[in-house]
Amino acid sequence: MRAAVMRGAGNLVVDDVPDPKPGPGQILVRTIACGICGSDLHFLRYANEMVELAEELGPLGSPGRLDLKRDIVMGHEFSAEVLEFGKDTQGTVAVGDSVVSIPAMLTGSSDPDNMIEPIGAYSNTYGGGYAEYMLLSAPLALNIPDGCDPRHAALTEPMAVGLHAVNRSGIKAGEAAVVLGAGPVGLAVISALRRLGAEPIVAADFSPGRRALAKTIGAHEAVDPREEPAIEAWRRIDGVKPLVIYEAVGVPGMLDQAMRAAPRGGRVLVVGACMENDTVRPLIGVGKELEIRFSLAYDPFEFASTLNAIASGEIDVRPLITDEVGIAGVPQAFEDLGRPDEHCKILVEPELG
């Protein structure tokens, strides 16, 4: 099958790789669509650093099991069609169904640290959606509701990330939010905040296109931080309600900036994945009595509820999809996503060639 393959840090090629074969508890699926995630861009660039960090984290750091000298097929934001069941496999889906899944495989191991292995960037064993075919764990596959475009359902994973970040922050309906960064993660946060009833929601991003998307998906105000800092925009339109700041950029200095901007007693939720060392002044947090939390991924209930929200139209992901490419176009799409003025979410659709 054709696939976009990572061969060593920083090297992405399109090549033929062996077709996967489903084993017990597994299903073979044909990839319909797979979103390119910012974490894949980061992994391609920082693979060595991520593996080193994962080894330090121990069982929590699944990339530590990676061999960067072996092929890796990324892609964890996918929808797919069920083709075949492995031996002695049952599930709630059937051949021909369109499905999504949390990007993880149940290994059958009795070792708690090895019961689950990721699909996509952090596994040599289980390739992701930048390929024609994939393997999924039958118990984790969810049917895409009738009438829902499978291309839109592929965005279940990134939108669930935003929902989890909002849930982790503890924000309540009627409280205010500032979202630093209106890339895919920031936009997912904004969508979840709007559905919760947070108000006002202020987004900040350098890109005019992403600011427009932020307002389309639910922000009440979107500012260029070079012209008006997000915290000043919040003070201009509210400045009174309890405030949560979401750091969704993930570059050095952003957490410190969020802490400095936060009002006394404010909360900061970090969902941007900074891949480099960073520096903050703890005394700022102490002096303001800030609460800082971090967010990673989602739980199965958040994933399933996000799929249902997309299917019902409660979440409209259509404005986020800015391009679609075949497998041959994946390397160029990685390059294009480095220019935020042009793109938000690019879908890989193998049938496009």
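Participant: Break down the side chain of His343 for me, with residues and values.
Facilitator: Along the polypeptide, His343 turns up in the loop between helix 10 (330-336) and strand 17 (345-348). Relative accessible area serves as the criterion here: at 10%, His343 is assigned to the buried category. Side chain to side chain, His343 and Thr322 meet in a polar contact 3.1 Å long. Setting aside residues no more than four positions away along its own chain, His343 makes contact with Arg210, Thr322, Asp323, Asp336 and Leu337.

Participant: Requested: an account of the packing of helix 3 (residues 156-169) against helix 4 (residues 184-196), with residues and values cited.
Facilitator: Where helix 3 contacts helix 4, the two axes come as close as 7 Å, and the packing angle between them is 55 degrees. In terms of orientation, helix 3 and helix 4 fall into the oblique class. Helix-helix and strand crossings are classified by hand; for helix 3 and helix 4 the assignment is right-handed. Across the interface between the two elements, Pro158, Met159, Gly162, Leu163, Ala165 and Val166 from helix 3 touch Ala188, Val189, Ser191, Ala192, Leu193 and Leu196 from helix 4.

Participant: Mind laying out the state of the cysteines, listing which residues take part and the relevant values?
Facilitator: With the rule as written, the count across this model stands at zero disulfides. Not engaged in a disulfide, the cysteine Cys37 finds its nearest cysteine sulfur in Cys34; these two sulfurs lie 9.3 Å apart. Given the relative accessible area of 14%, Cys37 is considered buried. Here Cys148 is not disulfide-linked; the sulfur of Cys34 is the nearest cysteine sulfur, at 16 Å.

Participant: Describe the pattern of salt bridges, naming the residues involved and giving the relevant values.
Facilitator: The tally for this structure, following the rule as stated, stands at 18 salt bridges. For Arg151, the salt bridge goes to Glu324, with nearest N and O atoms at 2.6 Å. One end of the pair, Arg151, is in helix 2 (residues 150-153); the other, Glu324, is in strand 16 (residues 321-325), and 173 residues separate them in sequence. Glu324 sits in the partly exposed class, given a relative accessible area of 33%. Each of the salt bridges in this network shares a partner with another, and the network as a whole consists of Asp149, Arg151, Glu324 and Glu349.

Participant: Pulling in residues and values, what's your account of the pairing of strand 1 (residues 2-6)?
Facilitator: The element strand 1 is largely enclosed, with a buried count of four among its five residues. Where strand 1 meets strand 2 (residues 12-16), five bridges bridge the pair, whose relative direction is antiparallel. What sits directly across from Val5, in strand 2, is Val13. Counting the residues that bridge the hairpin from strand 1 to strand 2 gives five residues, and of these Gly8 lies at a positive phi of roughly 90 degrees.

Participant: Talk me through the packing of helix 3 against helix 9 (residues 300-312); I want residue IDs and the actual numbers.
Facilitator: Packing of helix 3 against helix 9 leaves a shortest axis separation of 9 Å and a crossing angle of 120 degrees. Judged by the angle between their axes, helix 3 and helix 9 are oblique. Note on packing geometry: the crossing formed by helix 3 with helix 9 is right-handed. On helix 9, the residues that touch Thr156, Glu157, Met159, Ala160, Leu163, His164 and Asn167 of helix 3 are Glu302, Phe303, Ser305, Thr306, Leu307 and Ile310. Residue composition of the contact of helix 3 with helix 9, by class: six nonpolar, five polar and two charged.

Participant: Kindly report on the layout of surface pockets, identifying the contributing residues and their values.
Facilitator: As a volume, the second largest pocket reaches approximately 310 Å³. Looking at the second largest pocket, it is lined by 16 residues, and the ones nearest its centre are Val73, Asn124, Thr125, Tyr126 and Gly127. Classifying every residue of the lining of the second largest pocket by side-chain character gives ten nonpolar, four polar and two charged.

Participant: So what about the environment of Val5? Which residues, and what values?
Facilitator: Summarising the element assignment, Val5 is placed in strand 1. Those residues in contact with Val5 that lie beyond four places of it in its chain are Asn11, Leu12, Val13, Val17, Asp71, Ile72 and Val73.

Participant: If you had to explain the sheet that holds strand 12 (residues 221-223) to someone new, which residues and values would you point to?
Facilitator: Adjacent strands of a sheet pair through backbone hydrogen bonds, lying either parallel or antiparallel. Read across the sheet, six strands follow the order 12-11-10-13-14-15 without closing on themselves; strand pairing throughout is parallel. Each of the sheet's edge strands pairs with one partner strand only, and the pair in question is strand 12 and strand 15 (291-294). In this sheet, adjacent strand axes meet at a mean angle of 20 degrees when their direction is disregarded. As defined by bridge partners, strand 10 (residues 176-180) adjoins strand 13 (residues 243-247) across five bridges and the pair is classed as parallel. Looking across to strand 13, one finds that Ala176 is bridged to Leu243. Along the sheet, helix 4 contacts strand 10, strand 11 (201-204) and strand 13; its crossing angle with strand 10, the most-contacted strand, is approximately 170 degrees.

Participant: Account for the nonpolar core, with residues named and values stated.
Facilitator: Taken as a class, soluble globular proteins show a tendency for nonpolar side chains to be buried jointly. The biggest cluster of nonpolar side chains holds 50 residues, and the ones touching the most others in it are Met159, Leu187, Ile190, Leu193 and Tyr246. Residue assignment for this core shows that the elements contributing at least two residues are strand 3 (26-35), helix 3, strand 10, helix 4, strand 11, helix 5 (208-217), strand 13 and helix 9. In contact with Met159, not counting residues within four places along its chain, are Ala188, Ser191, Ile217, Thr306, Ile310, Ile315, Val317 and Leu320.

Participant: Residues and numbers for the environment of Ala153, please.
Facilitator: Position of Ala153 among the secondary structure elements: in helix 2. C-alpha separation for the pair Ala153 and Ile310, spaced 157 residues apart in sequence, amounts to 6.7 Å. Ala153 has contacts with Val100, Ile144, Cys148, Leu307 and Ile310, leaving out every residue within four places of it along the chain.

Participant: Which residues make up the pairing of strand 11, and what values do they have?
Facilitator: Residues of strand 11 alternate between two faces, with Ile201 and Ala203 on one and Val202 and Ala204 on the opposite face, all of them buried. Here three bridges tie strand 11 to strand 12, and the two strands are oriented parallel to one another. Among the inter-strand pairings, Ala204 is bridged to a residue of strand 12, identified as Val223. Considered for its hand, the β-α-β crossover made up of strand 11, helix 5 and strand 12 is right-handed.

Thresholds, definitions, all that
Residues numbered from 1 in each chain as written. Predicted model: local features only at pLDDT ≥ 70, side-chain atom pairs only at ≥ 80, totals over all residues. Heavy atoms only, no water. Helix = DSSP H or I, 4+ residues; strand = E, 2+ residues; numbered from the N terminus. Buried < 20%, exposed > 50% of the residue type's maximum accessible area, 1.4 Å probe, protein only. Polar contact = N/O pair within 3.5 Å; in protein donor to acceptor, adjacent residues only side chain to side chain. Contact = heavy atoms within 4.5 Å. Axes fitted to C-alpha atoms, helices over the stretch in contact; angles between N-to-C directions. Parallel < 35°, antiparallel > 145°, perpendicular 65-115°, else oblique. Left-handed = near helix turned anticlockwise from the far one by under 90°. Disulfide = S-S within 2.5 Å. Salt bridge = Lys/Arg side-chain N within 4 Å of Asp/Glu carboxyl O. Pairing = 2+ DSSP bridges. Nonpolar A, V, L, I, M, F, W, Y, C, P; charged D, E, K, R; others polar. 1 Å grid on protein atoms, 1.4 Å probe; cavity = no way out; pocket = protein on both sides within 12 Å on 5 of 7 lines; lining within 4 Å. Points joined across faces, edges and corners; volume = space filled by probe spheres on them. Core = buried A, V, L, I, M, F, W, Y, C linked by side-chain atoms within 4.5 Å. Right-handed = clockwise from strand over helix to strand, strands pointing away.

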